[in-house]
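Structural features, examined
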Amino acid sequence: AATNGNGGTNVLGCGMESGSIFFHDLAMMGGKAGVRNSVTLDDELYHDEASFTSIKLGNDPILCLDSCSSYDYDSGTNIRTGQERKDRSAVPRSIVTIAGIAGDAAELLALPPQERGTVAVVKTTISTCSERKQFGLHTDANINLRATTAMKARIRARVGTCKLSEDILQGGKPGVGTCHFRPDGRVFAVGGWDKRVRIYSRTTASLLAVLNGPNDAAVTCLDWLEG
């Protein structure tokens, strides 16, 4: 899934068979930003001056992703210390991503209730900081400009689809094969292995509708018609 975030950030999200999602800031990669000093904390990867981050949702494969921009705002501070001056302007942006996850009913029942959902809503915050250092006299030769970026992803919500039961005849198939935001980004739809399409609110992740059509197999793709 790719999105052009507010403020011009191009982010590519990649769902992995391992159950992780990687988010790549393509703008920083184009600027030859390198990956340095990665640290793993609570299943999240943080990178100092990195062009990507990742988050692990579980052990089941991520089968589909879709993303949309959330918000952006500007803030700036000026710090003066002796002969050195630093000007920093931070532009935090966030992106909301929905992920559809594979799942077996019996295996999901063995997990804690908060980890059983096969639809995840992930929020990724991107902070780009331009730092200017001035030494001595105010001349172009004494000013050094450097742009850095920081990305952080967290799970905002996780919801299930059909009823879970160890008896497959009673519990259905909880996996999700496709997901897509409506063009305005306010709601999203997911297509399940249980032959149904469900519509959720983006802000609350609450179920708004279940569409029971003449489906005879798992839903593998869907799209919205704007108009």
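Shown above is the structure to which this text applies.
Predicted model, so just to flag it, every value in this text is computed and none were measured.

What counts, and where the lines are drawn
- Residues numbered from 1 in each chain as written.
- Predicted model: local features only at pLDDT ≥ 70, side-chain atom pairs only at ≥ 80, totals over all residues.
- Heavy atoms only, no water.
- Phe/Tyr/Trp six-rings, centres within 6.5 Å; stacked < 30°, edge-to-face > 60°.
- Helix = DSSP H or I, 4+ residues; strand = E, 2+ residues; numbered from the N terminus.
- Contact = heavy atoms within 4.5 Å.
- Polar contact = N/O pair within 3.5 Å; in protein donor to acceptor, adjacent residues only side chain to side chain.

**Details of the packing of aromatic side chains**
Evaluated as defined, the whole model comprises three aromatic pairs. With a centroid separation of 5.7 Å and an interplanar angle of 70 degrees, the aromatic rings of Phe181 and Phe188 are classed as edge-to-face. With centroids separated by 5.4 Å and ring planes inclined at 15 degrees, the aromatic side chains of Phe188 and Tyr200 adopt a geometry described as stacked. Linking Phe188 in strand E13 (residues 187-192) with Tyr200 in strand E14 (residues 197-201), this pair joins segments that are twelve residues apart in sequence.

**Observations concerning the environment of Arg198**
In this structure, Arg198 sits in strand E14. Along the backbone, Arg198 and Asn212 are 14 residues apart, and their C-alpha atoms lie at a distance of 9.0 Å. Discounting chain neighbours no more than four positions away, the residues touching Arg198 are Thr161, Cys162, Phe188, Ala189, Val190, Leu207, Ala209 and Val210. A polar atom in the side chain of Arg198 sits 2.9 Å from the side chain of Asp194.

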